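# Fold and geometry: a report
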Amino acid sequence: MFGIGGFELFLIVLFAFMLFGPEKIPAFLKTLRKALVKFREAEQEVSSALKQEVIDPETGETAADVLDSLTGKSTSGSKKTVADESFAARKARYEQEKAEREKREREKAEQKKAASEAADASEKEASADAVTDEAEGNASKKAAESSIAGVSIEELYTMKPVDQASAISDEISAETNEAEDEEATIEASSLVEVIADADEEA
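Residues numbered from 1 in each chain as written. Predicted model: local features only at pLDDT ≥ 70, side-chain atom pairs only at ≥ 80, totals over all residues. Heavy atoms only, no water.

We now examine the overall build of the protein. Broken down by element type, the protein carries six helices and zero strands. When the helices and strands of the protein are listed from N to C terminus, the series reads α-α-α-α-α-α. Looking at the protein residue by residue over its 202 residues, the buried ones come to 6%. Taking as baseline every contact in the protein between residues at least 6 positions apart, the subset at least 24 positions apart corresponds to 24%. Summing over all exposed atoms, the protein offers an accessible surface of approximately 17600 Å²; the carbon and sulfur share of this is 60%. (Helix = DSSP H or I, 4+ residues; strand = E, 2+ residues; numbered from the N terminus. Buried < 20%, exposed > 50% of the residue type's maximum accessible area, 1.4 Å probe, protein only. Contact = heavy atoms within 4.5 Å. Areas by Shrake-Rupley, 256 points an atom, 1.4 Å probe, with all protein chains shown as cover.)

Dropping the structure here:
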């Protein structure tokens with residue numbers, strides 16, 4: 001008991017006898033026995049409370065039901081005992097519980113898969129937007145290149161850079177020349193009409 005041999009136990013009893021005296025040892029042993037009984041009762045109460053209160057989150061069974069199914073004895077006050085359940089019924093129940101667990105796991109996996117597919121779809125949309133932006137940029141580059149597409153490489157090397165100010169002044173002078181030409185043609189046509197009217201009167 002507690003790893004104590006006979007000689008050690010004899011020494012403990014002898015020491016208690018010398019310490020308490022022969023009159024107090026029986027009272028001391030009664031008190032010790034009562035304390036051990038109370039300790040065992042408290043231990044049983046705690047273990048029974050744990051068996052009734054602890055619940056398996058996957059199956060919903062209490063710890064007592066699990067112990068009953070493992071040991072084959074009824075430790076709780078439940079109506080269903082292992083003796084009442086046949087091996088085939090127990091096997092069917094375990095398979096059903098396993099199927100339910102697998103179903104829950106599949107549902108969780110499908111939810112994760114759906115979330116990852118939604119994230120992939122949003123990434124694809126973002127990449128498609130980037131591709132269209134890049135395509136628009138390429139189209140504008142091609143349009144700029146097509147304006148000088150008729151020019152050979154030798155002509156490009158021999159061309160001088162265009163000064164913006166001189167290009168604008170050339171455009172303005174061309175427009176003024178066109179306006180002057182239009183005024184001159186209007187004046188000429190009015191002179192021709194005046195001459196024609198004078199000839200008719202004469």
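A word on the layout of surface pockets. What the largest pocket holds in volume is close to 370 Å³. Lining the largest pocket are 15 residues, and of these Leu-9, Ile-12, Val-13, Leu-29 and Leu-32 lie nearest its centre. Secondary-structure elements contributing two or more residues to the lining of the largest pocket are helix H1 (6–20) and helix H2 (25–53). Considering every element that reaches the lining of the largest pocket, the biggest residue donor is H1, with six residues. Grouping the constituent residues of the lining of the largest pocket by class yields twelve nonpolar, two polar and one charged. (1 Å grid on protein atoms, 1.4 Å probe; cavity = no way out; pocket = protein on both sides within 12 Å on 5 of 7 lines; lining within 4 Å. Points joined across faces, edges and corners; volume = space filled by probe spheres on them. Nonpolar A, V, L, I, M, F, W, Y, C, P; charged D, E, K, R; others polar.)

Together, Phe-15, Leu-19, Phe-20, Phe-28, Leu-29, Leu-32 and Leu-36 give the surface a local cluster of nonpolar side chains, amounting to about 690 Å² of exposed area. Listing elements by their share of the nonpolar patch, those giving two or more residues are H1 and H2. For the nonpolar patch, the element with the highest residue contribution is H2, accounting for four residues. Of note, Phe-28 is situated in helix H2. (Patch = residues over 30% accessible without salt bridge, like charges linked within 9 Å, V, L, I, M, F, W, Y side chains within 5 Å. Salt bridge = Lys/Arg side-chain N within 4 Å of Asp/Glu carboxyl O.)

Our next topic: the environment of Ser-48. Residue position: Ser-48 is located in helix H2. Overall, Ser-48 belongs to the partly exposed group, its relative accessible area being 37%. Only 2.9 Å separates the side chain of Ser-48 from the backbone oxygen of Glu-45, close enough to count as a polar contact. (Polar contact = N/O pair within 3.5 Å; in protein donor to acceptor, adjacent residues only side chain to side chain.)

Another point: the pattern of salt bridges. In this structure the tally under the stated criterion is one salt bridge. Notably, a salt bridge pairs Glu-97 with Arg-93, separated by 3.5 Å at the nearest N-O pair. Of this pair, Glu-97 and Arg-93 both sit in helix H4 (residues 87–147), four residues apart, roughly one helical turn. Note on Arg-93: relative accessible area 16%, which makes it buried.

What follows concerns H1. Every α-helix winds through 3.6 residues per turn, so residues three or four apart in the chain are directed the same way. Over its 15 residues, H1 extends 21 Å from the first C-alpha to the last, a length consistent with the 21 Å expected when each residue adds 1.5 Å. Positioned one or two residues after H1, Gly-21 has a phi angle of 90°, which is positive. (Expected span 1.5 Å × (residues − 1).)

Limitation: the analysis is restricted to geometry and does not speak to function.
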